[in-house]
Each structure stands twice: as C-alpha cells, then as structure tokens.
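Now for the letters of each chain:
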Amino acid sequence: MKAQVFRGVNQLSYEEIPEPTLQADEVLVQVRVVGLCQSDIKKIRYPLYEPPRIFGHETAGTIAAVGAEVKNWQVGQRVAVMHHIPCMRCDYCLNDNFSMCDTYKNICTTAGFAPSGGGFADYVKVPGHIVRNGGLIPIPDNISFEEASFVEPTNCCLKAVKKAQIAPGQTVLITGAGPIGLMFVMLVKYFGAKAIATDLIPSRIEKALAVGAEAAFDARDADLPNKIKALTNGMGVDVTLLAVPSEKAFFQALDCTRKGGKILFFAEFPDEVEIPLNPNILYRREIDLIGSYSSSYRLQSLSADIVFNRRINVQALISDRYPLKDLSQAVEQAIAPTPDTYKILIYPQ
C-alpha cells in the first residue's frame, strides 16, 4: 500500500510499504478520507518524535478485514476511527482525565512503524483495545466520509466547551477563526451562547460571521476591549477560548474577559514560550485559567450525534482536498494559508 512516511523534520516520503497484518482481535480500515490537523503539522515540522512514523488521525473509511476473534464488525462497514481509547480504570480515567491515561497515550491506530495514528496511508490497523472499547463508530448511510472525519476534532472542541462550562446566554470570545476557531463558533452557538471571534485575515473574520458569530473583529484592533465591553453591558466576555498559540491573544483575553470569567488554552504553544503574569490579576479578578488537550471518551457519543445529525455544518469548514501523494503541499498550504484556507482533507485513493 501507499503511505506518507515521516522520515525526519519536514521530510515526508510517499512510499510503498507492507499492508498492516492483523492479530485476531484487530480490524483493518481502508482510509477514505483523513483530516489534516494542526497537531499533525507540528509533528512533521518539529523534532517531537523519532522517525519513521505515519501520522494522521481524523480518519474515516471502510472496514477491509477483521481478525478471527472480532465480533459485531463486518467487512464493508463504514466507520469513523478514534485513534485513542482510555483504559477507564486508572486514577486519571476515574477523574475523567482520559487524555492523561497511559493506555490512551500509548495504544494507537497504526499503518506501520511506531503507532502514530496512521491515517496518512491506504490502510490503518485498529488495535483490539480500541475495537472492543468503542473506537469504531458506524457512519450513517446519509453521512459522507468527509463529514464523519470531523467526529474526532468535534470531540476535542466539545471537550473544551464543556470544561469551560459554557452555558446558554453567555458570551464567548474565540481568538482565531481558522477551522478550529470556526468550529468553536458553531458549537458555542449550538449550546445557546453568543460567539465573538477575532482573526488577522479579513476573509476569516467574514467567515466567522457567516457560520454564526454575533460579531467578529480584527485581532489587531487596539480598541477591541472597549468594543467587547460595549457588546456585554460593560462586563467583558464570560469565557475566552484561545484557538491560536499567541501571547498577544492571551493578554488580549485578560483585557476582554470579565471578573470571575474563564480563559481556556486550546492551542498548544511552542515549548520555549513563557508568559509573564502578575498572579494578582488572577487573584483580584478571580479569573480561571484552564487547559484542554485532545478528546474526551465521555463525549464520544455526543460528538457523533452533533456531526451525524448535522447540528453544526462541518462541510462549511472544508476548503481544500489533496491526494495523499501531495500531503507535503497540503502541509505547506496549512502553514502559509491563503485567505480562503480552512480545513484541508487528504484522500489516500
């Protein structure tokens, strides 16, 4: 089969490699479409993992083979694939910190080499633990593979929305109107809150309004805090979701978030970044700082429901489609986006 193999920093090699072989409890999925995630891009661009690996995890496809012990799954079924599933028994899982679970971190779908998602290949192998514990999600007949590939990123965004306790009637600032920021706009609106978005690109500001933001502004606007307060009866927003790894965005969030509000870090910052902060700002204004990483097992069914019942319009997020052989070009476009670049999807075949 064909795969894009990570051979080193900024080195992707389109190669022919052996198709994965199955153990008795495993499932082989033919990849129909896989989303290009910012986390994939970071793994390709920075020395975070030893090569060789095959990345890609926002996967939807068709079951191509099942191991002899697999029950309830048949060849030909259309499925969305969750690349991690927690153990549900460790202290992290018992506290709903599923993404901290060692099993969650270490057991992963694979197309070969060190398990790393494997979606950037013709076929991906799903380990038995993931097969047995809900990592394969049947795709309804009326839902496309493209839409189904959004179940995993929807889960990640939904986890952040739930952690920030966003509620009907609240106002939420979303910094960055790329594909993740736009999904936040949709989810915030779906849960009855008002979304305000910022970005540096005029077309993304317009796009945020088109998908449901109450207001959208240029992130460089020096008067942004006053404009936010004018929209919130002088209070500031209840929650800010940081969808870009920007120090300026964080300090802007401090200026725009009300006393007693929350700021949630969703985008991952470079490791070398340190943000100087006077702790009295948090103490006197009672601002909560929250982090949200990856997905939540607890929200898997709700994420599928939101996508499969089209409660948000994930199709509106798709801007580009690339064949697998051109993955390097897709990554370059994501790094230096055109004004109309949003979600990029990859097609193995």
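Keep in mind that what you see is a predicted model, and the values were worked out from it rather than measured.

**Some thoughts on the overall build of the protein chain**
Okay, step 1: For the protein chain, the helix and strand inventory stands at 13 helices and 15 strands.
Okay, step 2: Expected size for 349 residues packed as a compact globule is a radius of gyration near 20 Å; at 20 Å, the protein chain falls within 12% of this value.
Okay, step 3: Taking the principal axes of its C-alpha atoms as reference, the protein chain extends roughly 65 × 40 × 40 Å.
Okay, step 4: Residues counted as buried form 54% of the 349 residues belonging to the protein chain.
Okay, step 5: Looking at the protein chain alone, contacts between residues at least 24 apart form 68% of all its contacts between residues at least 6 apart.
Okay, step 6: Each charge class in the protein chain was averaged separately, 35 positive and 37 negative side chains, and the resulting centres sit 4 Å apart.

**Concerning helix 1 (residues 38-45)**
Okay, step 1: Within helix 1, the full set of buried residues consists of Asp 40, Ile 41, Lys 43 and Ile 44. Taken down its axis, helix 1 places every buried residue within 160 degrees of arc, on the same side.

**Considerations on empty space enclosed by the protein**
Okay, step 1: Scanning the entire structure with this criterion turns up one cavity of 30 Å³ or more.
Okay, step 2: In this model, the largest cavity occupies a volume close to 30 Å³.
Okay, step 3: Lining of the largest cavity is provided by Phe 150, Pro 153, Pro 179, Ile 180, Met 183, Leu 317 and Lys 343.
Okay, step 4: With three residues, helix 7 (residues 179-190) is the single largest residue contributor to the lining of the largest cavity.
Okay, step 5: Of the residues contributing to the lining of the largest cavity, the split by class is six nonpolar, no polar and one charged.

About the thresholds
Residues numbered from 1 in each chain as written. Predicted model: local features only at pLDDT ≥ 70, side-chain atom pairs only at ≥ 80, totals over all residues. Heavy atoms only, no water. Helix = DSSP H or I, 4+ residues; strand = E, 2+ residues; numbered from the N terminus. Rg over C-alpha atoms; globule rule 2.2 N^0.38 Å. Buried < 20%, exposed > 50% of the residue type's maximum accessible area, 1.4 Å probe, protein only. Contact = heavy atoms within 4.5 Å. Lys, Arg positive; Asp, Glu negative; His and termini not counted. Charge placed at Lys NZ, Arg CZ, Asp CG, Glu CD. Arc of directions from axis to C-beta. 1 Å grid on protein atoms, 1.4 Å probe; cavity = no way out; pocket = protein on both sides within 12 Å on 5 of 7 lines; lining within 4 Å. Points joined across faces, edges and corners; volume = space filled by probe spheres on them. Nonpolar A, V, L, I, M, F, W, Y, C, P; charged D, E, K, R; others polar.

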